[in-house]
Amino acid sequence: SAAVGEPKLTLYGWGPVKTKIYLTGLAVAETRESDANGFFIFTKIFLPTPHLGIDKKNYEYPELCLQAIDEEKRSSQPTCIPPLPAKEYNYNIGPVLLSPIISLDKGRISEGEQISLRGKTTPYAPLNVYLANQLSPRKMSFGLIKTANAYYIPKYQTTSDKEGNFEFNLPNQSRGKWNMFVASETLGYNSPKSNSLTFSVISPLLALLEKIIARLKFLKPYLLYIVILFELVTIAAIIIFSGRRKEKKTKLGIDK
């Protein structure tokens with residue numbers, strides 16, 4: 001039920017399959033779940049009291065934002081709807097497309113090591129994967145203006161399966177810091193870009209050193225016991241060595 005004349009909103013669209021879809025805004029907080037095709041719909045959402053817009057002439061309803069969150073607590077990039085003009089009592093908006101949800105199985109790899117991008121979107125959706133590798137200058141620049149780093153942006157393509165899941169092997173031969181995002185295609189339209197993720201490709205030697213340091217951190221709770229054991233072994237070695245020297249001197253005296 002609602003008061004006579006209270007404005008209502010119906011909003012629908014497509015997003016990642018079987019995810020919680022959150023609609024939030026000033027005095028608005030609603031949740032739905034997308035179906036096996038990624039479709040979702042919000043009906044009879046009551047809008048709050050409109051406020052004076054930026055132009056200070058017309059009234060409008062506050063901005064609303066949509067975001068998908070899956071079972072792994074991964075989220076899509078928020079998709080926001082501009083403020084609606086306060087001229088109607090029933091609004092029907094759609095289709096709204098949400099960005100894919102993505103994640104990396106690692107954030108830092110050795111050169112040649114495998115790294116995969118995983119994600120979720122609508123079923124059988126074509127996807128564009130965008131990568132940018134920041135190339136660090138090898139020589140120091142002492143100019144007044146900082147040298148801009150070069151970016152190389154290739155584009156790869158893949159397709160989600162019937163459940164909206166997809167996986168993609170990322171390049172692992174070029175050292176450096178990589179930035180990436182994904183955009184899908186639904187109903188012939190491109191979705192907003194996903195969250196941007198970062199991963200680094202490092203040299204095998206640096207990767208080995210990081211593993212050693214990680215092992216040392218793992219042994220940190222036992223560090224005191226290791227130090228005590230080392231000291232006991234050292235003392236025992238000194239006592240044994242001193243005893244052998246005394247025996248040797250005694251033996252030399254008898255021989256003389």
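Look above for the structure.
Residues numbered from 1 in each chain as written. Predicted model: local features only at pLDDT ≥ 70, side-chain atom pairs only at ≥ 80, totals over all residues. Heavy atoms only, no water.

Undergrad: Which parts of the structure should I look at to understand the overall build of the protein chain?
TA: Scanning the protein chain from terminus to terminus reveals 2 helices and 19 strands. For the protein chain, with 256 residues in total, the buried portion stands at 32%. Put simply, of all contacts in the protein chain between residues at least 6 apart along the chain, 65% involve residues at least 24 apart. Carbon and sulfur atoms make up 58% of the accessible area of the protein chain, which totals about 17400 Å². (Helix = DSSP H or I, 4+ residues; strand = E, 2+ residues; numbered from the N terminus. Buried < 20%, exposed > 50% of the residue type's maximum accessible area, 1.4 Å probe, protein only. Contact = heavy atoms within 4.5 Å. Areas by Shrake-Rupley, 256 points an atom, 1.4 Å probe, with all protein chains shown as cover.)

Undergrad: Would you mind going over the sheet that holds strand S8 (residues 79-81) with me for this structure?
TA: Either a parallel or an antiparallel arrangement is found when strands of a sheet pair, and the pairing is made through backbone hydrogen bonds. The sheet built from 4 strands is open, its strands ordered S3-S2-S7-S8 with antiparallel pairing. The open sheet has two edge strands with one neighbour each: strand S3 (28-33) and S8. Direction aside, the axes of adjacent strands within the sheet are offset by 20° on average. Bridge count for strand S7 (residues 64-69) against S8 is 3 bridges, and the pairing is antiparallel. Each bridged residue has a counterpart across the sheet, and for Cys65 the counterpart in S8 is Cys80. (Pairing = 2+ DSSP bridges. Axes fitted to C-alpha atoms, helices over the stretch in contact; angles between N-to-C directions.)

Undergrad: How do you make sense of the sheet that holds strand S12 (residues 116-120) when you look at a structure like this?
TA: The sheet built from 3 strands is open, its strands ordered S10-S12-S16 with antiparallel pairing. Taken across any chain shown, the strands that pair with only one partner, and hence form the sheet edges, are strand S10 (101-104) and strand S16 (165-169). Between one strand axis and the next, the sheet turns by 20° as a mean value, whatever way the strands run. Sheet analysis places S10 next to S12, joined by 4 bridges and oriented antiparallel.

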